[in-house]
Amino acid sequence: MKEKIQNILNEINEFKAENTETLENFRIKFLGKKGQIQELFAEFKIIPKEQRKEVGMLLNELKNKAKEKLFSEQKTFQAGAKIEKSNKDLSMPVDYIQLGARHPLSIIRNEINDIFSRIGFTVNEGPEIEDDFHNFTALNFPEEHPARDMQDTFFIEKDPDIALRTHTSSVQVRAMENSQPPIREIYPGRVFRNEAISARAHCIFHQVEGLYVDKDVSFADLKQTLFYFAKEMFGEETKIRFRPSYFPFTEPSAEMDISCNICGGKGCNICKYTGFVEILGCGMVDPNVLENCGIDSKEYTGFAFGMGIERITMLKYQINDLRLFFENDSRFLKQFKDAL
Ligand code: PHE
């Protein structure tokens with residue numbers, strides 16, 4: 001019996017699997033129900049009592065050795081098989097996880113936030129669904145103003161009117177209602193207008209509005225602040241110019257142009273050969289608006305400005321179709337991977 005055990009043990013020790021088939025044969029031959037080890041266990045019943053302890057231990061050891069061999073061969077054999085199959089260099093560094101890119105509008109919004117933060121503006125936000133008071137009335141829109149018309153505004157409810165905000169100026173109203181000057185804030189956010197979608201217009205877009213209310217705030221402060229912004233955003237060489245304009249909530253009002261960042265002011269098709277491109281609306285906050293929001297217009301003055309983030313982004317990256325921002329085409333979006 002002992003000799004048989006030793007012989008089988010030798011055979012097991014020498015065994016090397018060449019493929020799954022020889023490995024399976026090994027399992028059947030030694031560890032199967034009718035295998036050699038099982039046979040020995042059957043014989044074990046008839047050996048003399050005084051040998052049982054010793055032989056029993058040897059038999060158990062043999063069985064464990066056979067199992068160990070089976071597992072270890074399985075492992076090396078499987079690992080080896082994988083290398084053969086995949087033909088890959090397993091010592092190569094792993095692929096980097098594909099990271100997403102920030103949306104170009106987020107990149108520019110963050111940059112605008114940063115630029116104004118550096119001169120003491122804080123960032124604030126307000127709701128996208130607004131009542132008539134915050135979107136229009138408090139901002140001095142006359143009762144019959146065409147901007148209140150169904151054509152421009154997405155109304156959600158009528159009487160009282162609830163709408164998707166048409167500009168971020170509504171947040172200016174909320175800020176003045178809730179705090180007293182000095183107020184120096186910017187309000188980035190999404191706005192909605194009932195417009196046909198084209199390369200130059202969309203029913204959803206993004207704005208940043210800025211507001212500064214304090215004692216003795218003047219148009220000179222407005223001009224200097226926006227000049228600083230234009231240079232930070234578009235480069236030190238950038239020139240600005242103001243054209244008189246009209247907004248119900250500012251008086252006087254202006255539109256600000258910057259020297260074309262594509263041609264440097266020489267004239268190209270982006271600036272329509274004028275050398276300048278419009279980037280924002282601005283003005284001194286109308287005293288009526290201050291009063292509507294609970295601020296004493298004899299003591300305080302303020303300026304406000306509002307710009308479209310899409311417009312700034314298009315100028316900055318030379319994008320010529322607004323719709324690209326909303327289509328989520330990864331071929332477009334992944335170009336901004338290294339932008340920030
Ligand atoms: N709210 C204006 C718009 O949406 C922009 C603006 C903001 C103009 C603040 C003047 C002052 O067009």
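Just so it is clear, the structure is predicted and the values come from calculations on it, not from any experiment.

Draft legend 1. Looking closely at the domain arrangement of the protein chain. Annotation of the protein chain at the domain level lists domain 1 (2–86) and domain 2 (104–339). Taking the mean C-alpha position of each, domain 1 and domain 2 sit 81 Å from one another.

Draft legend 2. Molecular detail of the sheet that holds strand S6 (residues 204–214). If you trace the seven strands from one edge of the open sheet to the other, you get S1-S5-S6-S10-S9-S8-S7, paired in mixed fashion. Where the open sheet ends on each side, the last strands, each with one partner, are strand S1 (122–123) and strand S7 (240–247). With eight bridges joining them, strand S8 (residues 250–259) and strand S9 (residues 276–285) adopt antiparallel strand pairing. Note that in S9 the partner of Ser-259 across the bridge is Phe-276.

Draft legend 3. Geometry of the packing of aromatic side chains. Within this structure, the stated rule accounts for 15 aromatic pairs. Plain terms: the ring middles of Tyr-212 and Phe-303 are 5.6 Å apart, the flat faces sit at 80° to each other, and that makes the pair edge-to-face. Placement of the pair is Tyr-212 in strand S6 and Phe-303 in strand S10 (residues 301–308), with a sequence separation of 91 residues. The exposure class assigned to Phe-303 is buried, which follows from its relative accessible area of 0%. Each residue in the set Phe-116, Phe-121, Tyr-212, Phe-229, Phe-303 and Phe-305 is aromatic and connected to the rest through ring pairs, giving one cluster. Between Lys-231 and the ring centre of Phe-227, over which it is positioned, the NZ or CZ distance is 4.5 Å. The ring of Phe-276 has Arg-241 sitting right over it, with the charged end atom 4.3 Å from the ring centre.

Draft legend 4. Looking closely at unusual backbone geometry. Residue Pro-160 follows Asp-159 across a cis peptide bond; omega there is -5°. Structurally, Pro-160 can be placed in the loop between strand S3 (155–157) and strand S4 (162–164). With an omega of 5°, the peptide bond running from Pro-181 to Pro-182 counts as cis. Even without a glycine there, the phi angle at Asp-159 is positive, about 50°. Among the structural elements, Asp-159 can be located in the loop between S3 and S4. Phi at Gln-318 takes a positive value of approximately 55°, unusual for a residue other than glycine. Tracing the backbone through its elements, the reader meets Gln-318 in the loop between helix H10 (309–317) and helix H11 (324–327).

The rules behind each value
- Residues numbered from 1 in each chain as written.
- Predicted model: local features only at pLDDT ≥ 70, side-chain atom pairs only at ≥ 80, totals over all residues.
- Heavy atoms only, no water.
- Domains from an automatic or database assignment.
- Pairing = 2+ DSSP bridges.
- Helix = DSSP H or I, 4+ residues; strand = E, 2+ residues; numbered from the N terminus.
- Phe/Tyr/Trp six-rings, centres within 6.5 Å; stacked < 30°, edge-to-face > 60°.
- Buried < 20%, exposed > 50% of the residue type's maximum accessible area, 1.4 Å probe, protein only.
- Lys NZ or Arg CZ within 6 Å of the ring centre and 35° of its normal.

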